[in-house]
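# Structural overview for review
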Amino acid sequence: MNVTQLSLFLENKPGHLQNALKVLAEEGINIMTLTIAEVADFGIVRMIVNKPQKALEVLRQNKFVCSPTDVLAIELDDKPGSLLKALQTFSKRNLNIEYMYAFTEKRGDRAVMIFKFADIEAAKKALLEEGFNVVKKIDLIGE
Amino acid sequence: MFNKQYEAMEVKKLKELQLERLKWSLKHAYNNVPYYRQSFDKAKFNPDKFSSLDDLKHVPFLMKQAMRDSYPFGLFAVPMEKVIRIHSSSGTTGNATVVGYTKNDIEVWAEVMARTIAAAGGTEKDIVQVAYGYGLFTGGLGVHYGAEKLGATVIPISGGNTERQLMLIKDFGTTILACTPSYAINMADFVEKKMPDYDFKKTKLKAGIFGAEPWTESMRKEIETRMGIDAYDIYGLSEVIGPGVSCECSQKSGLHVFEDHFYVEVIDPETGEVLPEGEKGEIVYTSLTKEACPVIRYRSRDITRIYRDSCKCGRTLIKMEKVTGRSDDMLIIRGVNVFPMQIEAVLMEIEGTEPHYQIIVDRKGALDDVEIMVEVNERIFTDELGALKGLAERIEQRIRSALGISAKITLVEPSTLQRSEGKAKRVIDKRQL
């Protein structure tokens, strides 16, 4: 049920993201969503791709520092206040979000958000109990 | 001239004096320090048969490593009750070089420093502000004792607190400033940025004696113009005595070595052969009068050349050129001696870091700026930005506490640092000294 996100270390300099993306493109790997967290000198690229194992392999072969991270993909109604409602639930359950970002594609009429929790299993249990739809990896990337 | 008898001694007589003193120094080291006894015996050198300065080439060198291995007091040649002062070079405990001084050594040190200040135009009428650090570092106390010996007035302010330094220069009527050249430029910058009403030219400051780090002619010009003073280079190293080994005179061309206390040779750093006067190589020191810590053929790693000219100042002492290079990889950063190996040791302590690093030294304004690029690998990489930043900060703190320098840590992608065949290029020095 957990979704595999790839986290990639890059220097915050022109051309560096491009070098990494080129490696993925040449392997025919599709990036489904991507976000970057950065400080002045470096950044961490977080992405969800259709072939995470292959992507990890080729990035490492090309000397990139890259690691897999488990995250949760949660379906939310695409209407005002629904993200707020989700967050209220998390705080009620004392679940701290380390970071989050939106998935680029909608599933039907619903939006998908990616969340990284410190304790993914506890979060998953709580969310299921609260009636959230946690999207399965296979449904998300089709693997 | 503070001591004309020695500073302007006829060269022939000076060499006779050196030979006499050298005979004593070699025997003193051999009889009282097991290290020298072993090393002389191994080289089959008998100090009793030493009869000409030329024989010195048969004496084995003293390497910095041997001094470190003798930590703390292994090279002392007198019992501790005769030692009245300890100084120590910067560096982590295991790497520190410790030196001791007898009462007479302190007397000699004060003498050569008094000569140094006098060579920069100092007299008993001067007020000397000592902005070198006081403490284990030899700079502060070295200048202090020399200025007192000269009869000048000493302001023992030590390093730092720039605003106060400037205030005392003005209020106390300081005439001679003693500090590192980069700190002098730092003071000028401070005035320019924060004290627009302060005018060096309205103070009594007339000269500066600057040392403890390499500096250039262009820095001299800059200091002289901005502070309205004469800037003199002074040179020394704690292993030999501290500041006061050699100094510039009114001619500002080359530094006179106080040859009645320190014998100098220049060698080829590869072969160890003594080079003729005038040729560039590594300068090697032998103490002639030191009691507590005699140094016999100490390899300084400083690159220079020595020569005699008939200097207009009247001193007959041999001159050495301003030191501009090293025959090893030691860096002098803001007056602190740093070996890349020390940085590597710190990195190795941090879990997961591989010793793939590069040190970039540059001069930003007046001060040395150090950046250490560290390659990130899978073991230290984490998905959390905060943890990665924390890692860089931890390395910074460790470098600061272990080496005493502040460096910016930049995390870089693997394989971005140049790996040449054989020796990795660890240091890029952009300072153009």
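Below, the structure is looked at part by part. (Residues numbered from 1 in each chain as written. Chains lettered and ligands numbered in written order. Predicted model: local features only at pLDDT ≥ 70, side-chain atom pairs only at ≥ 80, totals over all residues.)

### Details of the overall build of chain B
Looking only at helices and strands, chain B has eleven helices and 21 strands in total. Expressed as a percentage of the 433 residues in chain B, the buried residues total 43%. (Helix = DSSP H or I, 4+ residues; strand = E, 2+ residues; numbered from the N terminus. Buried ≥ 20, exposed ≤ 12 C-beta atoms within 10 Å, placed from the backbone.)

### Some words on the overall build of chain A
In terms of regular secondary structure, chain A is built from five helices and seven strands. Along the chain direction, N to C, the helices and strands of chain A fall in the order β-α-β-β-α-β-α-β-β-α-β-α. A separation of at least 24 residues holds for 66% of the contacts in chain A among residues at least 6 apart in sequence. (Contact = placed C-beta atoms within 7 Å.)

### Here's the deal with the sheet that holds strand E4 (residues 153-155) of chain B
All names here are of chain B. Strands sit in the order E4-E3-E5-E6-E7-E8-E9-E14-E13 across an open sheet of nine strands; the sheet is mixed. Where the open sheet ends on each side, the last strands, each with one partner, are E4 and strand E13 (306-307). The sheet strands contacting helix H6 (residues 138-150) are strand E3 (127-130), E4, strand E5 (176-179) and strand E8 (242-248), and the helix crosses E8 at an angle near 65 degrees. (Pairing = 2+ DSSP bridges. Axes fitted to C-alpha atoms, helices over the stretch in contact; angles between N-to-C directions.)

### Comments concerning the pairing of strand E1 (residues 3-11) of chain A
Residues and elements named next belong to chain A. Of all the nine residues making up E1, seven are buried; the element is thus mostly covered by neighbouring parts of the structure. Alignment of E1 against strand E4 (residues 66-77), held across six bridges, turns out to be antiparallel. The residue of E4 that forms the bridge with Leu-8 is Cys-66. As paired strands, E1 and strand E3 (residues 42-49) are joined by six bridges and run antiparallel to one another. Bridging across to E3, Leu-8 finds its partner in Val-45.

### A look at the interface of chain A and chain B
Residue-level contacts link 15 residues of chain A with 14 residues of chain B. The element best represented in the side of chain A that touches chain B is E1 of chain A, accounting for four residues. Considered class by class, the residues forming the side of chain A that touches chain B number eight nonpolar, three polar and four charged. (Nonpolar A, V, L, I, M, F, W, Y, C, P; charged D, E, K, R; others polar.)

### Points about the packing of helix H8 (residues 181-194) of chain B against helix H9 (residues 217-227) of chain B
The axes of two packed helices give the description: the angle between them and the distance between them. Residue and element names in this part refer to chain B. For the pair H8 and H9, interaxial distance at closest approach is 10 Å and the crossing angle is 35 degrees. The handedness of the crossing between H8 and H9 comes out as left-handed. Across the interface between the two elements, Pro-181, Ala-184, Ile-185 and Ala-188 from H8 touch Met-219, Glu-222, Ile-223, Arg-226 and Met-227 from H9. For the contact of H8 with H9, the residue count by class is seven nonpolar, no polar and two charged. (Left-handed = near helix turned anticlockwise from the far one by under 90°.)

### Details of the packing of helix H5 (residues 103-119) of chain B against H6 of chain B
Residue and element names in this part refer to chain B. Contact geometry of H5 with H6 gives a least axis separation of 7 Å together with a crossing angle of 75 degrees. In terms of orientation, H5 lies roughly perpendicular with respect to H6. Residues Ile-106, Trp-109, Ala-110, Glu-111, Met-113, Ala-114, Thr-116, Ile-117 and Ala-118 of H5 touch H6, and the partners they reach there are Gly-142, Val-143, Tyr-145, Gly-146, Ala-147, Lys-149 and Leu-150. Residues of the contact of H5 with H6, tallied by class, amount to eleven nonpolar, three polar and two charged. (Parallel < 35°, antiparallel > 145°, perpendicular 65-115°, else oblique.)

### As for the environment of Met-167 of chain B
All names here are of chain B. Checked against the element boundaries, Met-167 lands in helix H7 (residues 162-172). Classification of Met-167 as partly exposed rests on a count of 13 C-beta atoms within 10 Å. Sequence spacing of Met-167 and Tyr-198 is 31 residues, and the spatial spacing of their C-alpha atoms is 9.2 Å.

### Here we look at the pairing of E3 of chain B
Residues and elements named next belong to chain B. Both faces of E3 are covered, namely the face carrying Ile-127 and Gln-129 and the face carrying Val-128 and Val-130. Pairing of E3 with E4 involves three bridges; the strand directions are parallel. Each bridged residue has a counterpart across the sheet, and for Ile-127 the counterpart in E4 is Thr-153. Traced from E3 through H6 to E4, the parallel crossover comes out right-handed. (Right-handed = clockwise from strand over helix to strand, strands pointing away.)

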